[in-house]
Number of protein chains: 2
Amino acid sequence: MNDYKTRMDTYRQEVEAYLNGCFTDASLPQKTVLDAMRYSLLAGGKRIRPVLLLEFCRLCGRDYHTALPFAAAIEMVHTYSLIHDDLPCMDNDDYRRGRLTNHKVFGEAMAVLAGDALLTAAFDTAAHADAEPSTVVKVLGILADAAGEKGMVGGQVLDLEGENANLRADDVYTIHMLKTSKLIEAACCMGAAAGGANDEQMQAARVYAQALGLAFQVRDDMLDVLGDAAKMGKATGMDTNKSTFVSLYGVGECSRIIEQQTARAVDALACFDDRDFLTQTAKMLAFREY
Amino acid sequence: MNDYKTRMDTYRQEVEAYLNGCFTDASLPQKTVLDAMRYSLLAGGKRIRPVLLLEFCRLCGRDYHTALPFAAAIEMVHTYSLIHDDLPCMDNDDYRRGRLTNHKVFGEAMAVLAGDALLTAAFDTAAHADAEPSTVVKVLGILADAAGEKGMVGGQVLDLEGENANLRADDVYTIHMLKTSKLIEAACCMGAAAGGANDEQMQAARVYAQALGLAFQVRDDMLDVLGDAAKMGKATGMDTNKSTFVSLYGVGECSRIIEQQTARAVDALACFDDRDFLTQTAKMLAFREY
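No experiment lies behind these values; they were computed from the predicted model shown.

### As for the side chain of histidine 84 of chain B
Tracing the chain through its elements places histidine 84 of chain B in helix α4 (residues 68–86). Here aspartate 116 of chain A takes part through its side chain, which lies 2.8 Å from a polar atom of the side chain of histidine 84 of chain B. If we ignore the near neighbours within four places in the chain, the residues touching histidine 84 of chain B are His84, Val112 and Asp116 of chain A together with Met90, Ala111, Val112, Gly115 and Asp116 of chain B.

### Details of the nonpolar core
Counting residues in hydrophobic clusters, the biggest one holds 181 residues, and the most contacted among them are Phe70, Met76 and Tyr208 of chain A together with Phe70, Met76 and Tyr208 of chain B. Every residue in contact with tyrosine 208 of chain B, bar those within four places of it in the chain, is listed here: Leu52, Phe56, Cys188, Ala265, Ala268, Leu269, Leu278, Thr281 and Ala282 of chain B.

### Comments concerning the relation of the copies chain B and chain A
The two copies are related by a screw operation: chain B maps onto chain A through 180° of rotation and 0.0 Å of translation along the axis, at an RMSD of 0.0 Å. Read as a symmetry element, the transformation amounts to a two-fold axis. Within chain B, proline 133 of chain B has its C-alpha nearest the rotation axis, a separation of 2.6 Å. When the interface residues of chain B are mapped onto chain A, 100% of them are again interface residues, pointing to one common binding face.

### Section: the packing of helix α1 (residues 2–20) of chain A against helix α3 (residues 48–59) of chain A
Residues and elements named next belong to chain A. Between α1 and α3, the shortest axis-to-axis distance is 10 Å and the interhelical angle comes to 110°. When the axes of α1 and α3 are compared, the pair comes out roughly perpendicular. Note that α1 runs across α3; the crossing there is right-handed. Every residue of α3 that contacts α1 at Arg7, Met8, Tyr11, Arg12 and Val15 is listed here: Ile48, Pro50, Val51, Leu54, Glu55 and Arg58. Its residues assigned to classes, the contact of α1 with α3 shows seven nonpolar, no polar and four charged.

### Structural notes on the interface of chain B and chain A
Each partner contributes to the interface: chain B provides 47 residues, whereas chain A provides 47 residues. Summing both partners gives a buried area of about 3800 Å² for chain B against chain A, and 74% of it is carried by carbon and sulfur. Contact with chain A buries area across many residues of chain B, yet Gln30, Thr120 and Glu149 of chain B alone supply 16% of it, more than any other trio. On inspection of chain B and its partner chain A, the count reaches two salt bridges. Among the salt bridges present, the one from lysine 150 of chain A reaches aspartate 124 of chain B, with a minimum N-O distance of 3.4 Å. For the pair chain B and chain A, the number of links is ten residue pairs in polar contact (both at pLDDT 80 or more). Those elements that place two or more of their residues in the side of chain B that touches chain A are α2 (31–41), α4, α6 (108–127), α7 (133–147) and α8 (152–162) of chain B. Sort the elements by how many residues they give to the side of chain B that touches chain A and α6 of chain B lands first, with 13 residues. The class makeup of the residues in the side of chain B that touches chain A is 30 nonpolar, ten polar and seven charged.

### Here we look at the pattern of salt bridges
Applying the stated criterion across every chain yields a total of 36 salt bridges over all chains. Note that glutamate 16 of chain A and arginine 47 of chain A form a salt bridge whose closest N and O atoms lie 2.8 Å from each other. With a gap of 31 residues between them, glutamate 16 of chain A in helix α1 and arginine 47 of chain A in the loop between α2 (31–41) and α3 connect regions that are remote in the sequence. Note on glutamate 16 of chain A: relative accessible area 27%, which makes it partly exposed. For arginine 47 of chain A, a relative accessible area of 1% corresponds to the buried category. Glutamate 185 of chain A serves as the salt-bridge partner of arginine 206 of chain A, at 3.8 Å between the closest nitrogen and oxygen. Here arginine 206 of chain A is found in helix α10 (residues 199–226), whereas its partner glutamate 185 of chain A is found in helix α9 (residues 169–194), with 21 residues between them in sequence. Classification of arginine 206 of chain A by relative accessible area gives partly exposed; the value is 31%. Each of Asp124 of chain A together with Asp145, Glu149 and Lys150 of chain B takes part in a single network of salt bridges with overlapping partners.

### Details of a nonpolar patch on the surface
On the surface, a nonpolar cluster with roughly 270 Å² of combined accessible area is contributed by Tyr95, Leu100 and Val105 of chain A. Counting through the fold element by element, valine 105 of chain A comes out in helix α5 (residues 102–106).

### A few points about the environment of leucine 54 of chain A
Residues and elements named next belong to chain A. Positionally, leucine 54 belongs in helix α3. For leucine 54, a relative accessible area of 0% corresponds to the buried category. When the C-alpha atoms of leucine 54 and lysine 182 are compared, they prove to be 17 Å apart, with 128 residues separating the residues in sequence. Those residues in contact with leucine 54 that sit more than four places away from it in its chain are Tyr11, Val15, Tyr64, Ala67, Leu68 and Ala71.

### Some remarks on α7 of chain B
All names here are of chain B. The end-to-end C-alpha distance of α7, which contains 15 residues, comes to 21 Å, matching closely the 21 Å that a straight helix rising 1.5 Å per residue would cover. Within α7, eleven of the 15 residues are buried, which leaves the element mostly enclosed by the surrounding structure. Burial in α7 covers these residues: Thr135, Val136, Val137, Val139, Leu140, Gly141, Ile142, Leu143, Ala144, Ala146 and Ala147.

### Things to note about the packing of aromatic side chains
Taken as a whole and judged by the stated rule, the model has 15 aromatic pairs over all chains. Between tyrosine 39 of chain A and phenylalanine 106 of chain A, the ring centres sit 5.5 Å apart and the planes meet at 70°, which makes this aromatic pair edge-to-face. Of this pair, tyrosine 39 of chain A sits in helix α2 while phenylalanine 106 of chain A is found in helix α5, placing the two residues 67 residues apart along the sequence. Using a relative accessible area of 17% as the deciding quantity, one classes tyrosine 39 of chain A as buried. By relative accessible area, which is 24% here, phenylalanine 106 of chain A ends up partly exposed. The interplanar angle of 35° and the centroid separation of 4.9 Å between the aromatic rings of tyrosine 4 of chain B and phenylalanine 277 of chain B together place this pair among those described as tilted.

### A look at the state of the cysteines
Residue and element names in this part refer to chain A. Scanning the model with the defined rule gives zero disulfides over all chains in all. The thiol of cysteine 22 is not disulfide-bonded; the next cysteine sulfur, from cysteine 57, is found 18 Å away. Cysteine cysteine 271 shares no disulfide, and the gap to the nearest cysteine sulfur, in cysteine 60, comes to 7.6 Å.

### Remarks on the packing of helix α9 (residues 169–194) of chain B against helix α12 (residues 245–267) of chain B
Residues and elements named next belong to chain B. Between α9 and α12, whose axes approach to 10 Å, the crossing angle comes to 95°. Classed by the angle they form, the pair α9 and α12 counts as roughly perpendicular. Residues Ala169, Val172, Tyr173 and His176 of α9 lie in contact with α12, whose contacting residues are Phe245, Leu248 and Tyr249. For the contact of α9 with α12, the class distribution of residues is six nonpolar, one polar and no charged.

How each quantity is defined
- Residues numbered from 1 in each chain as written.
- Chains lettered and ligands numbered in written order.
- Predicted model: local features only at pLDDT ≥ 70, side-chain atom pairs only at ≥ 80, totals over all residues.
- Heavy atoms only, no water.
- Helix = DSSP H or I, 4+ residues; strand = E, 2+ residues; numbered from the N terminus.
- Polar contact = N/O pair within 3.5 Å; in protein donor to acceptor, adjacent residues only side chain to side chain.
- Contact = heavy atoms within 4.5 Å.
- Core = buried A, V, L, I, M, F, W, Y, C linked by side-chain atoms within 4.5 Å.
- Buried < 20%, exposed > 50% of the residue type's maximum accessible area, 1.4 Å probe, protein only.
- Least-squares fit on C-alpha atoms with pLDDT ≥ 70 in both.
- Axes fitted to C-alpha atoms, helices over the stretch in contact; angles between N-to-C directions.
- Parallel < 35°, antiparallel > 145°, perpendicular 65-115°, else oblique.
- Left-handed = near helix turned anticlockwise from the far one by under 90°.
- Nonpolar A, V, L, I, M, F, W, Y, C, P; charged D, E, K, R; others polar.
- Buried area = accessible area lost by both parts, 1.4 Å probe.
- Salt bridge = Lys/Arg side-chain N within 4 Å of Asp/Glu carboxyl O.
- Patch = residues over 30% accessible without salt bridge, like charges linked within 9 Å, V, L, I, M, F, W, Y side chains within 5 Å.
- Areas by Shrake-Rupley, 256 points an atom, 1.4 Å probe, with all protein chains shown as cover.
- Expected span 1.5 Å × (residues − 1).
- Phe/Tyr/Trp six-rings, centres within 6.5 Å; stacked < 30°, edge-to-face > 60°.
- Disulfide = S-S within 2.5 Å.

As structure tokens, this is what we get:
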């Protein structure tokens, strides 16, 4: 457990330091957008996707430091998606992680542009990573596939269109899979690719991520019903006009799904000897309290 | 002249065909966003950036067909920037190229997401190009550098902040350089990189593009004052609350700048034997009537 905490803290600190070094060029006149980008990027996220990415790189056999630009890239994509999701024309949220949302501080236009710039910077950062070009191209391809209209953006589209509708379980699953799991899957697969994974390792990363992504999102739906608003730093009960796993299955069945998917995630790691960290991370995320 | 037209038509048709093959997967439930992406992507743009990209690839010695994914990528970036620029929180435009703007047809949320998806798809398309990984990484890096907070997005930020302000000539130059010229420069340099350019050729592409970009934008400011709204398919005289080259220098001096920069663009091509197409393209863009 102590080893676990040490490794988690190390990953987070290195990611934090890397991100904190971004968008600091004081000579640029467009300082406002840099401030807006950093406001959301350095807002104290849990850095789950970067952590998973770095650990898969390490497990597949390469120094995880070489994957730091990729870890930063996926956190930039995640952050941009939060900024745009919070916009008045989308979910219209005023708070995120206990702070005012980006457009509440910088205005709507700047929030759109900060999101655009973070998305672009993700690919810029990854493209300039100090790694083999073939690795960079593979990692970039995984990220772009997962983030675009076939993945995360597609999920947000379905989520918006599904508001106030009675969705079937399949639809809710598809939305969550695209909107949340795809980027978690990308994190794990990017890390595996950065680590020079063979096919078996890449497949393990994919299955682990898909199961973890589902457990993570079901837990999110449960926390939205059960969670404590103060602890979560955002409004809870916001999803009452949406079909969720909880509204479809009830809390008891959701708990069962989470256990089942967590077990599936852990089983997927069989090809790795040193799988304690990812095992504990899956459990930590699936059973988190806030 | 006939050769010129044939080559231009060929490039445009091949780019059009490539773009028309994108975002057509009928099996995806998130069909609305695909429709929104295609609505703006296939709205009859002049495809200037793709044309420049393909020609520089050819001039530097490689089959320009290998660069079609890169040409599509830069047009996707250009298109996303138009969609987001037109949003109510930005320039709030109702018409673009003679048609309703994206958010007027699909709503604001979908327009934000269609833009996000096009930007992501640009990198996805480029990352999956059938070219050497080292070429792909170079091309991607040029595109991301030019499109982000240091380039095009930064220019839009300064443009927004400069509204209703009395800008100095330097500021207006910086805004145009970032907002318009950077992406034209990226097009030329991406084409050169795709064509395996040496340092001299890459530098020629850069200078040509910078001069052309400036001429292009000064001409844009002039057309905004002088142009015919019906021909341009968009509202003219929209920039009256902005400092422009025309408001700073007057029409006569603007004409002189355009001639000077066009000559500079043409001179930059000295290292290429077969430079007629790019010479004519520079003149066509700098002296266009609408």
